[in-house]
Amino acid sequence: GAGVSQSPSNKVTEKGKDVELRCDPISGHTALYWYRQSLGQGLEFLIYFQGNSAPDKSGLPSDRFSAERTGGSVSTLTIQRTQQEDSAVYLCASTPSGNYEQYFGPGTRLTVT
Amino acid sequence: AQSVSQHNHHVILSEAASLELGCNYSYGGTVNLFWYVQYPGQHLQLLLKYFSGDPLVKGIKGFEAEFIKSKFSFNLRKPSVQWSDTAEYFCAVNAIGSGTYKYIFGTGTRLKVLA
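Residues numbered from 1 in each chain as written. Chains lettered and ligands numbered in written order. Predicted model: local features only at pLDDT ≥ 70, side-chain atom pairs only at ≥ 80, totals over all residues. Heavy atoms only, no water.

**Q** Which residues make up the environment of B:V4, and what values go with them?
**A** Residue and element names in this part refer to chain B. In this fold, V4 is placed in strand 1 (residues 3-5). Judged by its relative accessible area of 11%, V4 falls in the buried class. Apart from the residues lying within four places of it in its own chain, the contact partners of V4 are C23, N24, Y25, C91, V93, I104, F105 and G106. (Helix = DSSP H or I, 4+ residues; strand = E, 2+ residues; numbered from the N terminus. Buried < 20%, exposed > 50% of the residue type's maximum accessible area, 1.4 Å probe, protein only. Contact = heavy atoms within 4.5 Å.)

**Q** Help me get a handle on the environment of A:T78, residues and values and all.
**A** Residues and elements named next belong to chain A. The residue T78 is located in strand 7 (residues 75-79) in this model. On the basis of relative accessible area, T78 is assigned to the buried category, the value being 16%. With 60 residues separating them along the chain, T78 and D18 place their C-alpha atoms 7.2 Å apart. Leave out the neighbours within four places in its chain, and T78 touches V19, E20, R64, F65 and S66.

**Q** Lay out the pairing of strand 8 (residues 64-68) of chain B with the relevant residues and their values.
**A** All names here are of chain B. Bridge count for strand 7 (residues 56-58) against strand 8 is three bridges, and the pairing is antiparallel. From the neighbouring strand, L56 faces strand 8, where its bridge partner is E66. Taking the residues between adjacent antiparallel strands as the criterion, strand 7 and strand 8 are bridged by five residues, where K61 takes a positive phi near 60 degrees. Direction of pairing for strand 8 relative to strand 9 (residues 73-78): antiparallel, over a ladder of five bridges. For E66, the partnering residue across the bridge sits in strand 9 and is N75. Where strand 8 folds back on strand 9, the antiparallel hairpin that results is connected by four residues, among which F72 adopts a positive phi of roughly 50 degrees. (Pairing = 2+ DSSP bridges.)

None of this, on its own, says anything about what the molecule does.
This is the structure:
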């Protein structure tokens, strides 16, 4: 079946511009996670959505970062006024109910020039 | 705060050598433990997982990991590596009962296997 998809696969933007990154989780998966993967830094947790519960935003690095999940499915991560340090691969993962295994998407490589 | 440490950042081995990658975590309660692998040009995929029961778990491609609760460790092993095992390996912890379902990942270990 279809896996987690993310778009765009690559995004180059100028410093100060806003960007939106999209994640389509596997159909029926109740939990959705966003991570940031920087070289040598591993995966940094950003935000987590579980069903209709309030999201866990504890990993968002600044108020320039926000995310929403509409209809319990598609999620959008928005970065406002991008900075060069925001350059990274942004990964999305989803998890079915009652299962702790995460299914990852291919990621969006963001480059801020 | 919970954390995960992977002490080996880069490992280079020859084919047929044995592999052990270290993973230690800090959390005093019950945990779910995972190893994920990212092959070159591919996305992260699950290698193996531990929830409960036998602390020695077996995963795909001949990998295994042992949960040692007293050492807060979940080391990954493979008796004989192949060139195709060249990848980046991530250990992850999900702390049960911590009030959140978030996962904490280690910084990863890049494994290069020489043919």
